[in-house]
Protein chains: 2
Amino acid sequence: MGKTRSAPTLTDVAREAGVSTATVSRCLNTPERVIESTRQRVLQAVESLGYTPNFAARVMAAKRSFTIGAIIPTMDNAIFARGLQAFQDELRERGYTLLVSSSAYDPEAEREQIRTLVARGADGLLLIGHARDPEIYEYLDRHQVPSLVAWSYVPEARRPSVGFSNACAMRALAESVLAAGHRRIAMISGLTEGNDRALSRVEGVRQALQAAGLGEGALTLIETPYEIDKGAEAFRQLMALEPRPTVVMCGNDVLAAGALREAKGMGIAVPEQVSVTGFDDIELAAIVSPALTTVHVPHREMGRKAARELVAMVEGTSAGQPECISTHVVTRQSLAAPPDPS
Amino acid sequence: MGKTRSAPTLTDVAREAGVSTATVSRCLNTPERVIESTRQRVLQAVESLGYTPNFAARVMAAKRSFTIGAIIPTMDNAIFARGLQAFQDELRERGYTLLVSSSAYDPEAEREQIRTLVARGADGLLLIGHARDPEIYEYLDRHQVPSLVAWSYVPEARRPSVGFSNACAMRALAESVLAAGHRRIAMISGLTEGNDRALSRVEGVRQALQAAGLGEGALTLIETPYEIDKGAEAFRQLMALEPRPTVVMCGNDVLAAGALREAKGMGIAVPEQVSVTGFDDIELAAIVSPALTTVHVPHREMGRKAARELVAMVEGTSAGQPECISTHVVTRQSLAAPPDPS
DNA sequence: TTGTAGGCGTTATCAG
DNA sequence: CTGATAACGCCTACAA
């Protein structure tokens, strides 16, 4: 009574159950290797003491943490939320825990987070996109931590990836835009430096224009961070252009939402006066008005597949099999034919 | 050459630098306690070997991880994103790392995550809301892990909280609704079981009605998970009622966004035919049309203050000082006077 | 200022 | 099937 108990350890449980620590450990990790009666006794002791294994000790002894780390560029919007949730769900089913940190699109922060996660004993890492300092990959190699890239699919890259071709996806959308009759095209891209997804999306638009026989002059490009306000700001700039573009393709739905907001504020009708497109098809895309024509990315599927593949890599079952997830254009009200020039 | 190096340890660095492991450790943790020249040598060895301290070992030896854990109900929408980002920023400034898991609003999952985080050596925990099994608090006590509740302010609760009064905030909003002339009020609440924030919001509406001399009959209540589709569904049900409510107050902006979407789909004009309100004032609230009248919660401020307080608790500087963050009603287009009954 | 040595809580190897 | 016992990598008195 009155004695301050601190957290019980394996030793406490062993004493309570009248067995050795080894047996307790076995009861917890390989229950089938211990006889029913003793197991009962041990588990009861565990229960009554409220014992929880010390993770650090376990990691150190087992050299395995059943933990997967993920570094995503941002938690501020829903772009990564759905895919990550699926990733986590799948991991859990396989007995792994997910640790997430966000780098705020800062390569230096990402480097630090990677080190932190590795130091914490992560068995594997999920990274977003391929673009990063090679030194990071060497670091991961040295620590023998498998890593998988998602949200991007580049089969020839140094790391295996489970994702989609940002270029193809955006190209398909651009083709829809062209098919609708647009010829003066503007794009609000996310910052492309250190972001291969953003870069590929721009590339996709360029490819479509070129295939349609349009020159570089047909595209006006603005780069800005992936934020609603920035999208709004960029849209305003574009609308000041002469001649005004007839369509504004945005690097993602967040930028597009900003563009739509600004259009409304400026009294510009979408899609009657100007069309707008997004990318990702997050929930937001269907809620704004007009609803966004965008590229649908099967985030959940990607998340689940990435989890399965990464676990396989961690467990040595796979060397890292790249996988391409297919996307498709979702047509909604924000894209229509360009206004009659008359 | 060709030799597979595995991760270097303290010992490797010590050997490389020609000092003892203790000195290397000091260079990393208390650099001022080692002379300049040796420090140089050690840091150089650290650099050239690409050494990263093994976290598990460090935690075990120091019984301190400089890690704070947070369990949030969901990552699927932006409700917690902004506050958590601020929380993380503030922690980082103070030398702590944040580990996040989401419980998907499942108490059992939350319990497990808490244990996981504690077992991982979290120095402190951020929890959302007060409602949970007392056993969990005992567990935290036993492990001597300080915890702080956020997104809710209940000074008399067992745990210190940094947050706002959900009841007062919602009551203020309900008063605005009443002031606009509404008398047939519906509410789409989040699930209240195990969610004190949701419950308090309902309570806030009830208080306002009562203060206005309205009976229980004036309020129609539906509870549903915090998802856009659920909000839409609930809205549809409410619109089938006879007489139809003139305003639908939603438990948060996500539900409200769903309601607005459904209204549009049903051809019901907001706010002309029915008003809608939200809660939280996430970015979404200003983007949907009509823009949402809602309760603004200063998420960033709350996150930063929570971080400061929790760190103080961890470092023994504070016993846990509850703090109330003030909210205010933001008036936008979605709330107007009820339609003329004529 | 620096080195020595013990211990943190588990797992894993190897006997018994 | 169960029990000693040696790691695991680092921190921290304590001693020099």
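Residues numbered from 1 in each chain as written. Chains lettered and ligands numbered in written order. Predicted model: local features only at pLDDT ≥ 70, side-chain atom pairs only at ≥ 80, totals over all residues. Heavy atoms only, no water.

1. Let's talk about the nonpolar core
Among the nonpolar cores identified, the biggest contains 152 residues, and Phe235 of chain A together with Phe235 of chain B are the most heavily contacted of them. Apart from residues lying up to four places away in sequence, Phe235 of chain A is in contact with Ile188, Val248, Ala259, Glu262, Ala263, Met266, Ile268, Val274 and Val276 of chain A. (Core = buried A, V, L, I, M, F, W, Y, C linked by side-chain atoms within 4.5 Å. Buried < 20%, exposed > 50% of the residue type's maximum accessible area, 1.4 Å probe, protein only. Contact = heavy atoms within 4.5 Å.)

2. Digging into the relation of the copies chain B and chain A
Once chain B is rotated about the relating axis by 180° and shifted along it by 0.1 Å, it coincides with chain A to within an RMSD of 0.1 Å. Put plainly, the chains are arranged around a two-fold axis. Considering only C-alpha atoms, the part of chain B nearest the rotation axis is Ala56 of chain B, at 2.1 Å. Interface overlap between copies is the fraction of interface residues in one copy that are interface residues in the other; for chain B against chain A it reaches 100%, indicating a shared surface. (Least-squares fit on C-alpha atoms with pLDDT ≥ 70 in both.)

3. Some details on the domain arrangement of chain A
Interface size is often expressed as the accessible area that is lost when the parts come together. Residue and element names in this part refer to chain A. According to the domain assignment, chain A contains domain 1 (64-164 + 298-326) and domain 2 (166-296). In this structure, domain 1 and domain 2 have C-alpha centres spaced 28 Å apart. The partner domain 2 presents 14 residues to the 16 residues of domain 1 that form the contact. At the boundary of domain 1 with domain 2, total buried surface from both sides reaches about 1200 Å², with 54% on carbon and sulfur atoms. Per-residue buried area on domain 1 facing domain 2 is highest for Ile79, Tyr105 and Phe164; these three make up 37% of the total on that side. Seen at the junction of domain 1 and domain 2, the total is 1 salt bridge. Ionic pairing is found between Glu283 and Arg82, a salt bridge with its closest N-O pair at 3.8 Å. Looking at the side of domain 1 that touches domain 2 residue by residue, the classes come out as 10 nonpolar, 5 polar and 1 charged. (Domains from an automatic or database assignment. Buried area = accessible area lost by both parts, 1.4 Å probe. Salt bridge = Lys/Arg side-chain N within 4 Å of Asp/Glu carboxyl O. Nonpolar A, V, L, I, M, F, W, Y, C, P; charged D, E, K, R; others polar.)

4. As for the protein's contact with DNA strand C
Taken together, 24 residues sit near DNA strand C, with Leu10, Ser25, Tyr51 and Ala61 of chain A together with Thr23 of chain B positioned nearest. At the protein interface, 61% of the atoms of DNA strand C within 4 Å belong to sugar or phosphate. One of the side-chain nitrogen or oxygen atoms of Tyr51 of chain A is found 2.6 Å away from a phosphate oxygen of DNA strand C. Residue Asn54 of chain A places a main-chain N or O atom 3.1 Å away from a phosphate oxygen belonging to DNA strand C. Those elements giving two or more residues to the surface near DNA strand C turn out to be helix H2 (21-29) and helix H4 (55-62) of chain A together with helix H2 (21-29) and helix H4 (55-62) of chain B. Top element by residues in the surface near DNA strand C is H4 of chain A. It accounts for 4 residues. Broken down by class, the residue content of the surface near DNA strand C amounts to 13 nonpolar, 8 polar and 3 charged. (Near = heavy atom within 4 Å. Polar contact = N/O pair within 3.5 Å; in protein donor to acceptor, adjacent residues only side chain to side chain. Helix = DSSP H or I, 4+ residues; strand = E, 2+ residues; numbered from the N terminus.)

5. Some remarks on the sheet that holds strand E8 (residues 247-250) of chain B
Hydrogen bonds along the backbone pair up the strands of a sheet, which may run parallel or antiparallel. All names here are of chain B. An order of E7-E6-E8-E9 is seen for the 4 strands of this open sheet, with the pairing classed as parallel. Where the open sheet ends on each side, the last strands, each with one partner, are strand E7 (219-223) and strand E9 (275-277). Going across the sheet, the axis of each strand differs from the next one's by a mean of 15°, ignoring polarity. In terms of strand pairing, E8 meets E9 through 3 bridges, oriented parallel. The residue bridging Val248 from the neighbouring strand is Val276, located in E9. Contacting strand E6 (185-189), E7 and E8, helix H9 (residues 196-211) runs over the sheet at an angle of about 170° to E6. (Pairing = 2+ DSSP bridges. Axes fitted to C-alpha atoms, helices over the stretch in contact; angles between N-to-C directions.)

6. Here's the deal with the protein's contact with DNA strand D
In the vicinity of DNA strand D there are 23 residues, among which Thr23 and Val34 of chain A together with Leu10, Tyr51 and Arg58 of chain B approach most closely. Of all atoms in DNA strand D that approach within 4 Å of the protein, 64% are sugar or phosphate atoms. One of the backbone nitrogen or oxygen atoms of Ile35 of chain A is found 3.0 Å away from a phosphate oxygen of DNA strand D. Interatomic distance of 2.5 Å between a side-chain N/O atom of Tyr51 of chain B and a phosphate oxygen of DNA strand D. Listed by contribution, the elements that provide at least two residues to the surface near DNA strand D are H2 and H4 of chain A together with H2 and H4 of chain B. Residue contributions to the surface near DNA strand D peak at 4 residues, all from H4 of chain B. Split into classes, the residues belonging to the surface near DNA strand D amount to 13 nonpolar, 7 polar and 3 charged.

7. So, the interface of chain B and chain A
The interface is formed by 51 residues belonging to chain B together with 51 residues belonging to chain A. The junction of chain B with chain A conceals about 4400 Å² of combined surface from both sides, 54% of it contributed by carbon and sulfur atoms. Of all residues in chain B, the largest losses of buried area upon contact with chain A belong to Arg120, Arg142 and Ile287 of chain B, amounting jointly to 16% of the total for that side. There are 0 salt bridges connecting chain B and chain A. Taken together, chain B and chain A are joined by 9 residue pairs in polar contact (both at pLDDT 80 or more). Elements with a minimum of two residues in the side of chain B that touches chain A: H4, helix H5 (81-93), strand E2 (97-102), helix H6 (107-119), helix H7 (134-142), helix H11 (253-266) and helix H12 (283-287) of chain B. Counting residues per element, the side of chain B that touches chain A draws most heavily on H5 of chain B, at 6 residues. Residue classes in the side of chain B that touches chain A are distributed as 26 nonpolar, 15 polar and 10 charged.

8. As for the pairing of E6 of chain B
All names here are of chain B. The buried fraction of E6 is high, at 5 of 5 residues. Of the two faces of E6, the one holding Ile185, Met187 and Ser189 and the one holding Ala186 and Ile188 are both buried throughout. Where E6 meets E8, 4 bridges bridge the pair, whose relative direction is parallel. Bridged to Ile188 within E8 is Cys250.

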